[in-house]
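The chain contents come next:
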Amino acid sequence: MRLSWLALLAGLGFAVCAQDDYSIQRKTMVETQLKARDIYDKATLAAMGKVPREQFVPSEYRFYSYTDGPVSIGEGQTISQPYIVAYMTQALRLKPHHKVLEVGTGSGYQAAILAEIVDSVYTIEIVKPLGLRAKSLLKVLGYDNAIVKIGDGYHGWPEKGPFDAIIVTAGAEAIPKPLIDQLKDGGRMIIPVGPHRGVRQLVQVDKRNGKVRKKSVMAVRFVPFTRNKEDP
Ligand code: SAH
């Protein structure tokens, strides 16, 4: 009996230490990978310092959760490097009342970051097992304001639009027209665009007075934007 109590206490102690270790790694990531570079937006930094990235990484890769690069999330997909997540979030100039669309839910990590900052997040994932996993994890972590849909994000989510901001986290060969249509006037989209499997440009798309302006902001590598075969 006494032994099992000891074992339980040791187990609890281990869990608490592991927890602490991740929060230390998270703090260090914010300082060295974000603030030391060009991430200054307070809401972005607070969200990156709060969301437990390790929970979004499958256990076999969890050790790498806070490294300065992308991490595999299974199904041939990756969770983006923390810096890229922060850069894209900051670029959207989010306000708490905003409604945001994400295409490429993946692990759900970027959706959680957005859900820390804005009222409503709609996110679409084409790979069903990933979408389902992200949906239940976001629920468990209490992100009730992040709604996940399984489907082809090329079409956006017209019933929920228009959106104040749109973020695409898979590399597209061209900007899907439905996404431009679902961007509010005054809104901004950030999307990696370029040739299949090559280096792409992160493109910032601004819509103002009905006019669409595009600006390349940096070179990036992203997993490809895919399409459902039967879709037009
Ligand atoms: N934002 C994610 C990482 C995305 S990786 C995170 O925080 O973990 C890119 C994701 O986009 C992959 O999961 C991929 O399956 C998905 N994807 C690719 N093409 C898509 C499409 N047409 N519609 C929706 N999701 C797509």
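Use the structure listed above.
Described in the following lines is the structure provided in the data block. The shown structure was predicted, so the numbers you read here are calculated from the model rather than taken from an experiment. (Residues numbered from 1 in each chain as written. Predicted model: local features only at pLDDT ≥ 70, side-chain atom pairs only at ≥ 80, totals over all residues. Heavy atoms only, no water.)

Details of the overall build of the chain
For the chain, the helix and strand inventory stands at 6 helices and 9 strands. Taking 232 residues into account, the globule formula puts the C-alpha radius of gyration at 17 Å, and the chain, at 18 Å, falls close to it. Its C-alpha atoms put the chain at 70 × 40 × 35 Å along the principal axes. Within the chain, the proportion of its 232 residues that are buried is 48%. Pairs at least 24 residues apart make up 55% of the contacts formed inside the chain by residues separated by at least 6 positions. For the chain, the computed accessible surface area is about 12000 Å², with 57% contributed by carbon and sulfur atoms. Across the chain, the mean location of the 32 positive side-chain charges is 3 Å away from that of the 23 negative side-chain charges. (Helix = DSSP H or I, 4+ residues; strand = E, 2+ residues; numbered from the N terminus. Rg over C-alpha atoms; globule rule 2.2 N^0.38 Å. Buried < 20%, exposed > 50% of the residue type's maximum accessible area, 1.4 Å probe, protein only. Contact = heavy atoms within 4.5 Å. Areas by Shrake-Rupley, 256 points an atom, 1.4 Å probe, with all protein chains shown as cover. Lys, Arg positive; Asp, Glu negative; His and termini not counted. Charge placed at Lys NZ, Arg CZ, Asp CG, Glu CD.)

Structural notes on the pattern of salt bridges
Where charged atoms of side chains with opposite charge meet at close range, the side chains can pair. Within the structure shown, the criterion is met by 9 salt bridges. Asp68 is paired through a salt bridge with Arg37; the nearest N and O atoms lie 2.5 Å apart. Taken together, the residues span a long stretch of sequence, with Asp68 in the loop between helix H2 (42-50) and strand E1 (71-74) and Arg37 in the loop between helix H1 (2-35) and H2 at a distance of 31 residues. Residue Arg37 is classed as partly exposed on the basis of its relative accessible area of 37%. A single salt-bridge network, built from bridges that share partners, covers Arg93, Arg188 and Asp206. (Salt bridge = Lys/Arg side-chain N within 4 Å of Asp/Glu carboxyl O.)

Overview of the nonpolar core
One finds Leu34, Met48, Phe56, Leu94, Tyr109, Leu138 and Leu202 to be the most contacted residues of the largest nonpolar core, which totals 47 residues. Other than its neighbours up to four places away in sequence, Leu138 contacts Phe56, Gly108, Ala111, Ala112, Tyr143, Ala146 and Val148. Counting 19 residues, the second-largest nonpolar core is a separate cluster that includes Leu101, Ile180, Met189 and Ile191. (Core = buried A, V, L, I, M, F, W, Y, C linked by side-chain atoms within 4.5 Å.)

Examining the site of the ligand
Taken together, 26 residues form the shell around the ligand, and within it Ser107, Glu125, Asp152, Gly153 and Thr226 come nearest. In this structure, Ser107 approaches the ligand through a side-chain N or O atom, which is 2.6 Å from an oxygen atom. The backbone of Thr226 places a nitrogen or oxygen atom 2.6 Å from a nitrogen atom of the ligand. Alone, the ligand offers 580 Å² of accessible surface; in the complex the protein occludes 99% of this. At the level of elements, strand E2 (77-79), strand E3 (99-103), helix H4 (109-117) and strand E4 (120-125) are the ones that each hand at least two residues to the shell around the ligand. Top element by residues in the shell around the ligand is E2. It accounts for 3 residues. Grouping the constituent residues of the shell around the ligand by class yields 11 nonpolar, 12 polar and 3 charged. (Near = heavy atom within 4 Å. Polar contact = N/O pair within 3.5 Å; in protein donor to acceptor, adjacent residues only side chain to side chain. Nonpolar A, V, L, I, M, F, W, Y, C, P; charged D, E, K, R; others polar.)

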